[in-house]
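Structure assessment
Residues per chain, in single letters:
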Amino acid sequence: MESEREKFPLGINIFVIRDGKLLLGKRKNAYGDGDWGLPGGHLEKGEKMVGAAARELDEETGLSAQSFTFLNMVNDARDDQHYIQIGFLANDVDGEPELREPDRCYEWEWFGLGELPDNIFVGHAHQIESFKRKVNFFE
């Protein structure tokens, strides 16, 4: 019998841009605690990617978007874990960010794309850099 292949998760991350600034949350009680990352989470079984983006954006920030545009994909293979990270741009976003998961996020803050903090979450760093360079695939 052939052994089962190892599986790894798919991350769905959302870029919310307002007035030239990117929304980032400071991670709490998770891998990368204290680092700044995009809103997002795991794709659930049977879920559509855009549906996951809308769900995660609402669950974490209370924001809603009229639509989402695919931005990029990163094959994030590190020694300690492996993820495929998919980035979507949230279009026509309504509302102000709220701290909806205070056990998982310290705060939400807007950052200019040229003024991002040094401690970007390792799982999102290549994705944000790819966005800034307008590259849709990184490995």
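The following paragraphs examine the structure supplied in this document. (Residues numbered from 1 in each chain as written. Predicted model: local features only at pLDDT ≥ 70, side-chain atom pairs only at ≥ 80, totals over all residues. Heavy atoms only, no water.)

Of note, Asp19 is a non-glycine position whose phi angle comes to about 50°, a positive value. Overall, Asp19 belongs to the exposed group, its relative accessible area being 75%. Notably, Asp92 is not glycine yet its phi reads approximately 50°, a positive angle. Turning to its location among the elements, Asp92 is positioned in strand β7 (residues 82-94). Looking at Asp92, the relative accessible area reads 57%, which means it is exposed. (Buried < 20%, exposed > 50% of the residue type's maximum accessible area, 1.4 Å probe, protein only. Helix = DSSP H or I, 4+ residues; strand = E, 2+ residues; numbered from the N terminus.)

Another point: the pattern of salt bridges. Overall, the coordinates contain nine salt bridges when judged by the stated rule. The closest approach of N and O atoms between Arg78 and Asp80, which form a salt bridge, is 3.8 Å. Arg100 is the partner of Glu98 in a salt bridge, and the nearest nitrogen-oxygen pair spans 3.8 Å. We classify Glu98 as partly exposed; its relative accessible area is 42%. (Salt bridge = Lys/Arg side-chain N within 4 Å of Asp/Glu carboxyl O.)

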